[in-house]
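Coordinate inspection notes
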Amino acid sequence: MASKAFEPTDEHWMRRAIEVARSKGSDPSTSPLGCVIVLDGREIAAERNQTQELPDATAHAEMMAIRRACKGTGEMELRGATLYSTLQPCGMCTMASIWSKVGRVVYGAGRDDVHPMYFEARHVDTLSFIADAYRDDITIEGGCLHAECATLYYPPDADLPHDEQANL
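This write-up is about the structure you can find in this document. (Residues numbered from 1 in each chain as written. Predicted model: local features only at pLDDT ≥ 70, side-chain atom pairs only at ≥ 80, totals over all residues. Heavy atoms only, no water.)

To continue, consider the overall build of the protein chain. Broken down by element type, the protein chain carries five helices and five strands. For the protein chain, the succession of helices and strands along the chain, N to C, is α-β-β-α-β-α-β-α-β-α. Burial status across the protein chain gives 51% buried among its 168 residues. Across the protein chain, the fraction of contacts at a sequence separation of at least 24, relative to all contacts at a separation of at least 6, is 68%. (Helix = DSSP H or I, 4+ residues; strand = E, 2+ residues; numbered from the N terminus. Buried < 20%, exposed > 50% of the residue type's maximum accessible area, 1.4 Å probe, protein only. Contact = heavy atoms within 4.5 Å.)

With mixed pairing, five strands are arranged side by side in an open sheet as β2-β1-β3-β4-β5. Strands at the two margins of the open sheet, each flanked by one partner only, are β2 (42-48) and β5 (139-142). In this sheet, neighbouring strand axes are inclined to one another by 15° on average, regardless of whether the strands run parallel or antiparallel. Two strands pair when backbone bridges link them, and strand β4 (residues 104-109) and β5 are joined in this way by four bridges, in the parallel orientation. Within the sheet, the bridge partner assigned to Y107 lies in β5 and is G142. The sheet strands contacting helix α2 (residues 61-73) are β1 (34-39), β2 and β3 (82-87), and the helix crosses β2 at an angle near 140°. (Pairing = 2+ DSSP bridges. Axes fitted to C-alpha atoms, helices over the stretch in contact; angles between N-to-C directions.)

Along the polypeptide, C149 turns up in helix α5 (residues 146-150). The spacing of C149 and L87 is 62 residues in sequence and 7.2 Å in space, taken between C-alpha atoms. When sequence neighbours within four positions are dropped, the list of residues in contact with C149 reads M14, I18, T86, G108, A109 and C144.

This is the structure in structure tokens:
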């Protein structure tokens with residue numbers, strides 16, 4: 001996806017998501033993903049991947065942030081909110097964004113910026129999926145601080161032992 005010009009506020013919130021991701025450490029094998037949800041210019045949730053700690057395969061940063069935001073607002077719907085994620089959301093997290101009625105998703109690094117281990121082995125094109133989804137009032141924009149976000153993860157051509165690669 002071609003990078004677009006993002007607003008200074010988008011870059012501010014993406015930097016916050018990067019900070020959240022780094023709170024887990026800087027080892028790319030731990031999938032240090034960060035997510036921040038903003039509503040009316042205010043952070044209502046900030047979470048990182050917690051799949052190994054909990055252990056819970058659904059404890060992706062976006063899922064955890066959506067749970068926290070809904071609990072914090074007392075609402076199941078997050079209309080008008082923007083979700084910032086350091087990595088392109090997977091299919092599960094994309095669906096959670098749709099069901100929670102997030103208005104906008106902004107991500108940093110995309111599928112082509114990082115090693116394939118960070119995505120499902122059978123490519124689900126979440127960008128096309130959004131276009132055909134249940135709602136037409138959600139937007140997804142990728143590439144915000146993508147180079148900075150990509151440094152959190154293994155590069156696309158990293159030579160990693162197969163048994164150390166998630167999702168493959």
